[in-house]
Amino acid sequence: MSTPSFVIGIAGGTGAGKTTISRLVTRNVEDAVTRIPLDNYYVDRSDLTFERRRELNYDHPDAFEWDLLHTHLETLVSGQPIEMPQYDFETHDRTSERVRVEPTEVIVLEGILALYDADIRGLLDLKVYVETDADVRILRRIRRDVGDRGRDLDGVIDQYLSTVKPMHERFIEPSKRHADLIIPEGANSVAVDLLAGKLRMEIEDSGDGDRDTEATSIESPIGGDGSS
Ligand SMILES: Nc1ncnc2c1ncn2[C@@H]1O[C@H](COP(=O)(O)OP(=O)(O)O)[C@@H](O)[C@H]1O
Ligand SMILES: Nc1ccn([C@@H]2O[C@H](COP(=O)(O)O)[C@@H](O)[C@H]2O)c(=O)n1
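Residues numbered from 1 in each chain as written. Chains lettered and ligands numbered in written order. Predicted model: local features only at pLDDT ≥ 70, side-chain atom pairs only at ≥ 80, totals over all residues. Heavy atoms only, no water.

Going by what an unreviewed UniProt entry lists, the chain is known as Uridine kinase and is assigned to Halorubrum vacuolatum. Per UniProt, the comment on the chain under Subcellular location (unreviewed entry) is "Cytoplasm". The annotation that UniProt attaches to the chain under Sequence similarities (unreviewed entry) is "Belongs to the uridine kinase family." (UniProt positions renumbered as here; feature names shortened; annotations may be inferred.)

Written out as structure tokens, the structure is:
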């Protein structure tokens, strides 16, 4: 167990490539990095029926349990483990499972509103915003939500128009002004390599260096095999 020396927040719209980037920048240093998906801090709505949960606005800041996230980040930064909640997108609810997370040299908080809350921002050493065009993001989201999150096309489109897009414009996009670094076009390989280098430096400075690296290669911007 170690005491974290560096905390990064990675924000950006749905489908921007936040998860992909956080995986790419940490892939050679996994043992020294703790990834905290903001999604795990959606408010527990097991008091509601599935039908009711399905209709909630998951892109408004009120959908998240900020106090719990703040406490957990502070706990990790102080060198103590947390019991992280887990989220199930198919049931729209927190699961009963908790995962014990030990503190590591670097913490990566990743989610649509990772730069929204002032108290959370106060814990971040580096604030990153991933900026990807809305058309690319919705295409990625359709593929992911239908393929992995148990949704159908009409549902994804209705949700996008009723809550995802308006909340993006109201809360997510404006949070970009807090960023130290804006990464254009998702998993931009130059930016990913720079960020990965910064992480390695932080880890080496905290005494756990000497890890292998490999160059980043980026596929087609909406995934798949990239063929047309
Ligand atoms: N640069 C990229 N090139 C191709 N596909 C990508 C790229 N970035 C993300 N994707 C794909 O788009 C989908 C959404 O990406 P993800 O990283 O989960 O976005 P976010 O976490 O911002 O919602 C995933 O299926 C992922 O594989
Ligand atoms: N029950 C839920 C909870 C969240 N969402 C959507 O997830 C998006 C955030 O995750 P990303 O990986 O895309 O950043 C957000 O836009 C919510 O609309 C959901 O659909 N259902």
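1. Brief notes about the overall build of the chain
The secondary structure content of the chain amounts to 7 helices and 7 strands. With an accessible surface of roughly 11300 Å², the chain has 47% of that area assigned to carbon and sulfur atoms. (Helix = DSSP H or I, 4+ residues; strand = E, 2+ residues; numbered from the N terminus. Areas by Shrake-Rupley, 256 points an atom, 1.4 Å probe, with all protein chains shown as cover.)

2. So, the pattern of salt bridges
As enumerated under the stated definition, the model contains 16 salt bridges in all. With a closest N to O distance of 3.3 Å, Asp47 and Arg45 form a salt bridge. When the shortest N-O distance is used, the salt bridge between Asp180 and Lys127 registers 4.0 Å. Of this pair, Asp180 sits in the loop between helix H6 (153-172) and strand S7 (181-184) while Lys127 is found in strand S6 (residues 126-131), placing the two residues 53 residues apart along the sequence. (Salt bridge = Lys/Arg side-chain N within 4 Å of Asp/Glu carboxyl O.)

3. Re the sheet that holds strand S1 (residues 6-12)
Ordered by their spatial adjacency, 5 strands build an open sheet running S2-S5-S1-S6-S7, and the pairing between neighbours is parallel. Either end of the sheet is taken by a strand with one partner, and the two such strands are strand S2 (33-37) and S7. Strand-to-strand twist of the sheet, defined as the mean angle between neighbouring strand axes without regard to direction, takes the value 20°. Where S1 meets S6, 5 bridges bridge the pair, whose relative direction is parallel. Paired with Ile10 across the strands is Val128, a residue of S6. Contacts from helix H3 (residues 66-77) reach S1, S2 and strand S5 (106-110), with the element oriented near 165° to S5. (Pairing = 2+ DSSP bridges. Axes fitted to C-alpha atoms, helices over the stretch in contact; angles between N-to-C directions. Contact = heavy atoms within 4.5 Å.)

4. Concerning the pairing of strand S3 (residues 82-88)
Counting buried positions along S3 yields 5 of 7 residues, so the element is predominantly enclosed. One ladder, built from 6 bridges, connects S3 with strand S4 (residues 93-101); its direction is antiparallel. Directly across from Met84, in S4, lies its bridge partner Val99. Linking S3 back to S4 in an antiparallel pair, the connection comprises 4 residues, with His92 at a positive phi of about 60°. (Buried < 20%, exposed > 50% of the residue type's maximum accessible area, 1.4 Å probe, protein only.)

5. A short note on the nonpolar core
By size, the foremost hydrophobic cluster in this structure holds 33 residues, and its most contacted members are Ile36, Tyr42, Phe64, Leu69, Leu109 and Leu113. At the level of elements, S1, H3, S3, S5 and H6 are the ones that each hand at least two residues to this core. Sort the elements by how many residues they give to this core and H3 lands first, with 4 residues. In contact with Ile36, other than residues within four places in its own chain, are Tyr41, Leu69, Leu76, Ile82, Met84, Ile107, Val108, Leu109 and Glu110. Formed by 22 residues, the second largest nonpolar core is a distinct cluster that contains Ala16, Ile21, Leu24 and Ala196. (Core = buried A, V, L, I, M, F, W, Y, C linked by side-chain atoms within 4.5 Å.)

6. Remarks on the site of ligand 2
What surrounds ligand 2 is a group of 17 residues, the closest being Thr14, Asp59, Tyr87, Arg141 and Arg144. One nitrogen or oxygen atom from the side chain of Lys18 is found 2.9 Å from an oxygen atom belonging to ligand 2. Within the contact set of ligand 2, an oxygen atom lies 2.8 Å away from a side-chain nitrogen or oxygen of Arg144. Within the complex, 98% of the 480 Å² of free accessible area of ligand 2 lies under protein. Its residues assigned to classes, the shell around ligand 2 shows 6 nonpolar, 4 polar and 7 charged. (Near = heavy atom within 4 Å. Polar contact = N/O pair within 3.5 Å; in protein donor to acceptor, adjacent residues only side chain to side chain. Nonpolar A, V, L, I, M, F, W, Y, C, P; charged D, E, K, R; others polar.)

7. Quick notes on helix H5 (residues 134-148)
Compared with an ideal rise of 1.5 Å per residue, which puts 15 residues at 21 Å, H5 spans 20 Å between its outermost C-alpha atoms and is within 8% of the ideal. Among the residues of H5, those classed as buried are Val136, Arg137, Ile138, Arg141 and Asp145. Tucked into the core, H5 has its buried residues touching H6. Downstream of H5 by a residue or two, Gly150 has a phi angle that is positive, lying close to 70°. (Expected span 1.5 Å × (residues − 1).)

8. Quick notes on the environment of Glu30
Positionally, Glu30 belongs in the loop between helix H1 (18-26) and S2. Judged by its relative accessible area of 47%, Glu30 is partly exposed. It is 38 Å that separates the C-alpha atoms of Glu30 and Thr49, two residues lying 19 residues apart in sequence.

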